[in-house]
Amino acid sequence: MAKPQLTAESLAHEIKQLTGWTIADDGKSITRHFKFGDFREAFAFMTNAALMAEKLDHHPEWFN
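About the cut-offs
- Residues numbered from 1 in each chain as written.
- Predicted model: local features only at pLDDT ≥ 70, side-chain atom pairs only at ≥ 80, totals over all residues.
- Heavy atoms only, no water.
- 1 Å grid on protein atoms, 1.4 Å probe; cavity = no way out; pocket = protein on both sides within 12 Å on 5 of 7 lines; lining within 4 Å.
- Points joined across faces, edges and corners; volume = space filled by probe spheres on them.
- Helix = DSSP H or I, 4+ residues; strand = E, 2+ residues; numbered from the N terminus.
- Nonpolar A, V, L, I, M, F, W, Y, C, P; charged D, E, K, R; others polar.
- Patch = residues over 30% accessible without salt bridge, like charges linked within 9 Å, V, L, I, M, F, W, Y side chains within 5 Å.
- Areas by Shrake-Rupley, 256 points an atom, 1.4 Å probe, with all protein chains shown as cover.
- Salt bridge = Lys/Arg side-chain N within 4 Å of Asp/Glu carboxyl O.
- Phe/Tyr/Trp six-rings, centres within 6.5 Å; stacked < 30°, edge-to-face > 60°.

*Asks:* Help me out: how do you make sense of the layout of surface pockets in this one?
*Replies:* A probe as big as a water molecule, rolled over the atoms, marks out the empty space that is left. In this structure, the largest pocket spans a volume of roughly 1700 Å³. Lining the largest pocket are 36 residues; nearest its centre among them are Trp21, Ile30, His58, Pro60 and Glu61. For the lining of the largest pocket, the secondary structure elements donating two or more residues are α1 (8–15), β2 (30–31) and α2 (39–55). Ranked by the residues each element gives to the lining of the largest pocket, the list is headed by α2, at six residues. Residues of the lining of the largest pocket, tallied by class, amount to 21 nonpolar, nine polar and six charged.

*Asks:* Would you mind going over a nonpolar patch on the surface with me for this structure?
*Replies:* Together, Leu18, Ile23 and Ile30 line one region of the surface with nonpolar side chains, adding up to about 210 Å² of accessible area. For isoleucine 23, the location among the structural elements is in strand β1 (residues 22–23).

*Asks:* Before we go on, may I ask you to explain the packing of aromatic side chains in this structure?
*Replies:* Working definition: an aromatic ring pair is given by the centre-to-centre distance plus the angle between the planes. Under the defined criterion, the tally for this structure stands at five aromatic pairs. Ring centres of phenylalanine 34 and phenylalanine 36 lie 6.3 Å apart, and the angle between their planes is 15 degrees; on these two criteria the pair is classed as stacked. On the numbers, 4.9 Å between centres and 40 degrees between planes, the contact of phenylalanine 34 with phenylalanine 45 is tilted. Placement of phenylalanine 34 in the loop between β2 and α2 and of phenylalanine 45 in helix α2 is noted, with a sequence separation of 11 residues between them.

Written as structure tokens, this is what we have:
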């Protein structure tokens, strides 16, 4: 069962609780940019994030 989506007003309110995150241009998603010292550090972060997302059955769209 799909989880209910936040309204634009709710999203605008909740995003204030997340340091460094912004509402994407589509108004339906959030965005944050990360910068790492090297490839190994970046890949480790992405691997850990992927494992957590899988446990939550969440499949974010991301780019490196």
